[in-house]
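Descriptive analysis of the structure
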Amino acid sequence: MNSMPRYAYFLLIIFTSLSASRCKSLSSSNPVVEISTKYGIIGVEIYIDKAPVTANNFLEYIKRNMYDRACFYRVVKPDNQPDNEIKIEVIQAGLGFVDSLPGLAPIEHESTLKTGIKHKNGTISMARLEPGTASSEFFICIDDQPELDYGGKRNPDGQGFAAFGKVIQGMGVVRRIQRLPDTNQMLNSPVIISAIKIIR
């Protein structure tokens, strides 16, 4: 046996255990996506562990470079939704209304009842018409929006929307986009997404 003191062995064992634990944690962490605009970067953690169908759909659009012509085109704020009794605040992005752009098939609706992901400040979620029609369009919440959760009243069917992640960087960018001039919720000048990539 060498001359290393006994306490040094214990320290080595503890350090090795902590390092292994940390590596395991990093390897199982959720993906992080960067959405780049001229106003700055929005970093989003994607909850692939809680909403696998919705999260994987979003990541697939990125991996196939299908968001290359995407933009933020809709802003919903207190003063531009006169016909809605239930007010919300979000910005919406995606491929918009360009019929020539390809999209993946619509996905199963993962409600907040199923995933447990609530529409809190910075939550990213899927836009839809009927349940099971979500595909490429997504939105980001400004402040907490419980009426978008399962049982909420913003959508008459009560199924809410499929949340699948949260902004971890750049809420200032989100709020700046929301304040841009619009006509009936549609931005007068859509904000182009110059890049959207998985960074982790």
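See the structure shown above.
Residues numbered from 1 in each chain as written. Predicted model: local features only at pLDDT ≥ 70, side-chain atom pairs only at ≥ 80, totals over all residues. Heavy atoms only, no water.

1. Examining empty space enclosed by the protein
For the structure on display, the rule yields one cavity of 30 Å³ or more. Reported here for the largest cavity is a volume of approximately 50 Å³. Lining the largest cavity are Thr54, Ile107, Glu108, His109, Glu110, Met126, Arg128, Gly132, Thr133, Ala134 and Ala162. Partitioned by chemical class, the residues of the lining of the largest cavity number four nonpolar, four polar and three charged. (1 Å grid on protein atoms, 1.4 Å probe; cavity = no way out; pocket = protein on both sides within 12 Å on 5 of 7 lines; lining within 4 Å. Points joined across faces, edges and corners; volume = space filled by probe spheres on them. Nonpolar A, V, L, I, M, F, W, Y, C, P; charged D, E, K, R; others polar.)

2. Regarding the pairing of strand S1 (residues 32–37)
Most of S1 sits inside the fold, with six of its six residues counted as buried. Neither face of S1 is left uncovered, since the one carrying Val32, Glu34 and Ser36 and the one carrying Val33, Ile35 and Thr37 both have all their residues buried. Bridge count between S1 and strand S2 (residues 40–46): six bridges; the pairing is antiparallel. Within the sheet, the bridge partner assigned to Val33 lies in S2 and is Val44. Linking S1 back to S2 in an antiparallel pair, the connection comprises two residues. For S1 and strand S10 (residues 195–198), the ladder comprises four bridges, and the chain directions are antiparallel. Looking across to S10, one finds that Ile35 is bridged to Ile196. (Buried < 20%, exposed > 50% of the residue type's maximum accessible area, 1.4 Å probe, protein only. Helix = DSSP H or I, 4+ residues; strand = E, 2+ residues; numbered from the N terminus. Pairing = 2+ DSSP bridges.)

Without other data, these values stay purely geometric and don't point to any function.
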